[in-house]
Every structure is written in structure tokens, then in C-alpha cells.
Amino acid sequence: MVVAAEGARRIFEPGAQGVKSATFTIEAGTSVAIVGPSGSGKTTLLSMLGMLETPTDGELRILGRDAMAPSSKEAAAARRGEISFIFQAFHLVPHLTVEENVMLGLHDHHETRERRTRVDRQLAALGLSSHARAFPKTLSGGEQQRVAIARALVRDPRLLLCDEPTGNLDSANGAIVVDALLASVSPTTAVVIVTHDESLAARCDRRINVRDGLAESAAG
Ligand SMILES: Nc1ncnc2c1ncn2[C@@H]1O[C@H](COP(=O)(O)OP(=O)(O)O)[C@@H](O)[C@H]1O
Ligand SMILES: [Mg+2]
């Protein structure tokens, strides 16, 4: 089990609703779409799954850890090693090349040689090899988001969290990015995608609906 949430809640000050209650599980080897109107709590929910926001109530386990009371060391270790994020804005470093941006997804404990191999493999998998030494601004939006995906995947995360990853892309580039995200699901990885895009949601294995801060698995 990658995620187990039971009545998990994250409330901000009165009037800002956050997430009132989230109840669902996410297994390894699945893709899950989180769908709901703007302001319903999707980003807050994703932050809880990434151990960036600690719930105020309920139960939440992420990758075998208690996300209700994570030690800061534990939470940092999970984020550094096992959880990756992709955002609507690609957040590439403009003065680094494509391969240097992807390299940022790895940590010091990897040897130089292994880093090289992993980066090359990831660039190839996403069709970016010919852009390895290019700077981000010379790439299309879809290509830039694929660089962000490569950076997120290069460490083999067990949980990939995406917040509206196609929100800045036209439909052709969006489709390429979605293909890459869904292809990254492996027996040990779960991919969670916040989206407004019904066609993207339909391609995921499962769906979690969020409405007024209530997040539940859709039937079926
Ligand atoms: N850090 C925060 N402090 C206070 N209120 C917040 C914070 N983050 C989110 N909220 C509130 O929680 C609600 C849900 O926000 P969010 O999770 O960003 O929704 P969505 O991603 O679905 O648009 C909104 O009313 C927002 O104002
Ligand atoms: Mg949001």
C-alpha cells in the first residue's frame, strides 16, 4: 500500500477549507486521477500525500510511514528518496542544460558514473536524448515538461505526485506528457495526477473525486 487515508483532514484558518476529509487507498502499480473544481482542496491533498502538509486529524500512512506525526527527518527522507513532484509550471533551472536539470533529481549518494547512466537512460526513455545539451528555453512546452518528468523519475520514486501537469500545454503536447506519466507506472510505483482534464482522468486506472474538501474514491 502506497497511501492509506482514513478521514485525513487539513484545515487552515476558519473560512479556508483545505481538506475536510480524505478516505481512500492507493496501491503500487496504479495511476490515480484526482478530479474536482478549483478551490476544492486538490493541491492541499497532494501536499498531504507528499508529506509537505501534516494533517490536523484522521489517519494517513504514506509508504509505510505515519504521515500524521512524521519526524522531520523521516519526512525529508521520503521526499528526497521516494516521492517526486511535477507541477503545472515546469520549474526547470534556466541556466542549466536539459541533462543538468535531470541530474538534479539525483542525490549525492549516487556515484558519478551511475548518475550519468541513469540520466542518459531517462532522457532516452522520454525521447529527449537529442536535447541533452540544450537549454530549457529552446524547447517546446511539452518537451520542457518531459524534462521535468525525467528529473522526477530519474531516482525511481515510489510515489509520483503531479499537480495539473498538462495545465500549461496544448492538447498535442499534453497527450505526449500524459503518455510519459502513465508509462512511468511500474509494479512498485504509483502515479497520482491532479487534473481538470476528463480525457486524462479517463486514462488513469482509478479516480478520486474532490468536492468541497471531501475526497473519496469514485465507485467502480
Ligand atoms: N496554506 C494555506 N493557508 C490557508 N488556506 C489555504 C492554504 N492552502 C490552501 N488553502 C485553502 O484551501 C482551499 C483549497 O485550496 P487548494 O487545495 O489549493 O484547492 P485546489 O487545488 O483544488 O484548487 C482553498 O479555499 C484555499 O484557499
Ligand atoms: Mg490546485
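Residues numbered from 1 in each chain as written. Chains lettered and ligands numbered in written order. Predicted model: local features only at pLDDT ≥ 70, side-chain atom pairs only at ≥ 80, totals over all residues. Heavy atoms only, no water.

1. Side note on the nonpolar core
The line we're drawing: Residues enter a nonpolar core if they are buried and are Ala, Val, Leu, Ile, Met, Phe, Trp, Tyr or Cys, with the set joined through side-chain atoms within 4.5 Å. Burial classes follow relative accessibility: with a 1.4 Å probe on protein chains only, a residue under 20% of its type's maximum area counts as buried, one over 50% as exposed, and anything between as partly exposed. Labels follow the DSSP assignment, with helices taken as runs of H or I lasting at least four residues and strands as runs of E lasting at least two, numbered in each case from the N terminus. The contact rule is simple, with two residues in contact once any of their heavy atoms fall within 4.5 Å.
Formed by 35 residues in total, the largest nonpolar core has its most connected members in I149, L160, L181 and I193. Of all the elements in the fold, those that place two or more residues in this core are β3 (31–35), α3 (98–103), α4 (112–125), α5 (141–153), β7 (159–163), α6 (171–183), β8 (190–194) and α7 (198–203). A total of six residues in this core trace back to one element, the largest contributor, which is α5. In this structure, I149 is in contact with I86, L126, V177, A180 and L181, ignoring residues within four places of it in sequence. Of all hydrophobic cores here, the second largest spans 30 residues; its members include V2, V32, V194 and V210.

2. Concerning the pairing of β3
Selection rule: Any two strands with at least two DSSP bridges between them are considered paired.
Taking burial as the measure, the five residues of β3 include five buried ones, the bulk of the element. Both faces of β3 are covered, namely the face carrying S31, A33 and V35 and the face carrying V32 and I34. As defined by bridge partners, β3 adjoins β8 across four bridges and the pair is classed as parallel. Across the sheet, residue A33 finds its bridge partner in β8, namely I193.

3. Observations concerning the packing of aromatic side chains
So the rule is basically this: For this analysis, a ring pair means two rings from Phe, Tyr or Trp (six-membered ring only for Trp) whose centres lie within 6.5 Å, classed as stacked if their planes differ by under 30 degrees, edge-to-face if by over 60, and tilted for the remaining angles.
Throughout the structure, instances matching the rule amount to one aromatic pair. Here F85 and F87 contribute two aromatic rings whose centre-to-centre distance is 5.8 Å and whose plane-to-plane angle is 0°, an arrangement assigned as stacked. Residue class for F85 comes out partly exposed when judged on its relative accessible area of 22%. Judged by its relative accessible area of 36%, F87 falls in the partly exposed class.

4. Things to note about the environment of L182
Here L182 shows up in helix α6. Placed 11 residues apart in sequence, L182 and I193 show a C-alpha to C-alpha distance of 9.7 Å.

5. What about α6?
Condition: In a helix, the anticipated span is given by 1.5 Å times the number of residues less one.
A rise of 1.5 Å per residue sets the reference length of α6, with its 13 residues, at 18 Å; its end C-alpha atoms lie 18 Å apart and thus fit the reference within 8%. Buried within α6 are the following residues: N173, G174, V177, V178, A180, L181 and L182. Among the structural elements, β3, β6 (83–87), α5, β7, β8 and α7 are those in contact with the buried residues of α6.

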